[in-house]
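Below are the chains, spelled out letter by letter.
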Amino acid sequence: EDQVTQSPEALRLQEGESSSLNCSYTVSGLRGLFWYRQDPGKGPEFLFTLYSAGEEKEKERLKATLTKKESFLHITAPKPEDSATYLCAVQAEETSGSRLTFGEGTQLTVNP
Amino acid sequence: DAGVIQSPRHEVTEMGQEVTLRCKPISGHDYLFWYRQTMMRGLELLIYFNNNVPIDDSGMPEDRFSAKMPNASFSTLKIQPSEPRDSAVYFCASARLVTVLTFGAGSRLTVL
């Protein structure tokens with residue numbers, strides 16, 4: 001069974017204080033790993049897709065990296081508007097079509 | 001584009017009542033997903049459709065749940081009869097590329 005574990009569950013940062021969120025996964029062959037951002041009262045919003053170990057993607061203050069067992073979402077000099085829950089999801093090669101397995105998320109709070 | 005549109009945004013009902021949640025996907029997207037989000041279990045895939053055909057309904061909890069997609073622009077998720085443990089936020093998402101999901105704002109269901 002595919003498993004996704006995110007840590008920490010919650011993270012509080014001061015504005016400008018860089019940090020990383022972790023996503024550990026267990027799948028029988030990774031087809032893709034995905035990061036989403038979810039604001040309160042809204043649906044998740046797509047951020048990145050990573051397909052192979054060593055791949056990196058960047059968007060503004062966010063950078064996602066991937067190894068064979070985990071992914072990191074690095075946040076550089078965060079701002080209060082980066083406060084959200086960040087969700088990681090995996091798609092396994094053997095699962096039917098489009099099934100994504102989500103982790104439970106990291107709730108990030110950035111204080112001004 | 002208005003994005004994925006879900007209705008109602010909030011539903012409060014009593015145990016035993018029928019609940020119908022509705023979704024209008026983004027035009028041109030050929031995949032539609034129904035997810036459920038709770039504090040205990042996070043985001044769980046219930047069912048997804050490709051070109052209006054149900055592909056994987058293994059996440060549907062039991063026979064009380066049913067989903068239909070009569071055409072490319074409309075889907076429903078029905079719960080009959082509803083139970084308190086069905087209380088959750090139900091998200092609809094659509095996609096053109098199978099893994100880049102666009103989520104709606106969700107329908108928050110409370111069953112008393």
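Residues numbered from 1 in each chain as written. Chains lettered and ligands numbered in written order. Predicted model: local features only at pLDDT ≥ 70, side-chain atom pairs only at ≥ 80, totals over all residues. Heavy atoms only, no water.

**Student:** How do you make sense of the overall build of chain B when you look at a structure like this?
**Tutor:** A tally of helices and strands in chain B yields zero helices and eleven strands. Written out in order from the N terminus, the α and β elements of chain B read β-β-β-β-β-β-β-β-β-β-β. Whereas a compact globule of 112 residues would reach a radius of gyration of roughly 13 Å, chain B reaches 13 Å, a difference of no more than 12%. Projecting the C-alpha coordinates of chain B onto the three principal axes gives extents of approximately 40 × 25 × 25 Å. Relative to its full complement of 112 residues, chain B shows a buried share of 48%. Sequence-distant contacts in chain B: of pairs separated by 6 or more residues, those separated by 24 or more amount to 53%. (Helix = DSSP H or I, 4+ residues; strand = E, 2+ residues; numbered from the N terminus. Rg over C-alpha atoms; globule rule 2.2 N^0.38 Å. Buried < 20%, exposed > 50% of the residue type's maximum accessible area, 1.4 Å probe, protein only. Contact = heavy atoms within 4.5 Å.)

**Student:** How should the state of the cysteines be read in this particular structure?
**Tutor:** A covalent bond between the sulfur atoms of two cysteines is referred to as a disulfide. Residue and element names in this part refer to chain B. In the structure shown here, the tally under the stated rule is two disulfides over all chains. Between the sulfur atoms of Cys23 and its disulfide mate Cys92 the distance is 1.9 Å. The sign of the -65° torsion about the S-S bond sets the Cys23-Cys92 disulfide as left-handed. Residue Cys23 is found in strand E3 (residues 19-24), and its partner Cys92 is found in strand E9 (residues 88-95); the two are separated by 69 residues along the sequence. (Disulfide = S-S within 2.5 Å.)

**Student:** Hey, could you run me through the nonpolar core in this one?
**Tutor:** One recurring pattern in soluble globular proteins is that nonpolar side chains are buried together. Residues and elements named next belong to chain A. With 25 residues, the main nonpolar core has Leu33, Trp35, Leu73 and Tyr86 as its most contacted residues. Mapped onto this core, the elements with two or more residues apiece are strand E2 (10-14), strand E3 (19-26), strand E4 (30-38), strand E5 (45-50), strand E7 (62-66), strand E8 (70-75), strand E9 (84-92) and strand E11 (106-111). Setting aside residues up to four positions removed in sequence, Tyr86 forms contacts with Gln6, Leu21, Trp35, Tyr36, Arg37, Leu47, Leu62, Leu73, Gly105, Thr106 and Leu108. (Core = buried A, V, L, I, M, F, W, Y, C linked by side-chain atoms within 4.5 Å.)

**Student:** When you look at the sheet that holds E3 of chain A in this model, what are you seeing that I'm missing?
**Tutor:** Residue and element names in this part refer to chain A. With respect to topology, five strands assemble into an open sheet ordered E1-E3-E8-E7-E6, the strand pairing being antiparallel. Two strands close off the open sheet at either side, each with one partner strand: strand E1 (3-7) and strand E6 (56-59). Direction aside, the axes of adjacent strands within the sheet are offset by 15° on average. (Pairing = 2+ DSSP bridges. Axes fitted to C-alpha atoms, helices over the stretch in contact; angles between N-to-C directions.)

**Student:** Would you mind going over the packing of aromatic side chains with me for this structure?
**Tutor:** Any pair of aromatic rings gets described here by the distance separating the centres and the angle formed by the planes. Considering all chains together, one arrives at eleven aromatic pairs over all chains under this definition. Arranged with centres 6.5 Å apart and planes meeting at 35°, the rings of Tyr31 of chain B and Tyr48 of chain B form a pair that is tilted. Note that Tyr31 of chain B is positioned in strand E4 (residues 31-38) and Tyr48 of chain B in strand E5 (residues 42-50), a separation of 17 residues in sequence. Using a relative accessible area of 18% as the deciding quantity, one classes Tyr31 of chain B as buried. Judged by centre distance (6.1 Å) and plane angle (85°), the rings of Phe91 of chain B and Phe103 of chain B are edge-to-face. One end of the pair, Phe91 of chain B, is in strand E9; the other, Phe103 of chain B, is in strand E10 (residues 102-103), and twelve residues separate them in sequence. Phe91 of chain B sits in the buried class, given a relative accessible area of 1%. Every member of this aromatic cluster is reached through a ring pair, and the members are Tyr36, Phe46 and Phe102 of chain A together with Tyr31, Phe33, Tyr35, Tyr48, Phe91 and Phe103 of chain B. (Phe/Tyr/Trp six-rings, centres within 6.5 Å; stacked < 30°, edge-to-face > 60°.)

**Student:** How should I be thinking about the interface of chain B and chain A in this particular structure?
**Tutor:** Interface size, as often reported, equals the accessible area lost upon joining of the parts. Listed by partner, the interface residues are 21 residues for chain B and 18 residues for chain A. With both chains or domains summed, chain B and chain A bury close to 1,500 Å², and 50% of this area falls on carbon and sulfur atoms. Among the residues of chain B in contact with chain A, Leu43, Thr99 and Phe103 of chain B are the three that bury the most area, contributing 33% of the side total. Our enumeration of links across chain B and chain A arrives at zero salt bridges. On the surface where chain B and chain A come into contact, there are three residue pairs in polar contact (both at pLDDT 80 or more). Every element with two or more residues in the side of chain B that touches chain A is listed here: E4 and E5 of chain B. Among the residues forming the side of chain B that touches chain A, the class breakdown is 14 nonpolar, five polar and two charged. (Buried area = accessible area lost by both parts, 1.4 Å probe. Salt bridge = Lys/Arg side-chain N within 4 Å of Asp/Glu carboxyl O. Polar contact = N/O pair within 3.5 Å; in protein donor to acceptor, adjacent residues only side chain to side chain. Nonpolar A, V, L, I, M, F, W, Y, C, P; charged D, E, K, R; others polar.)

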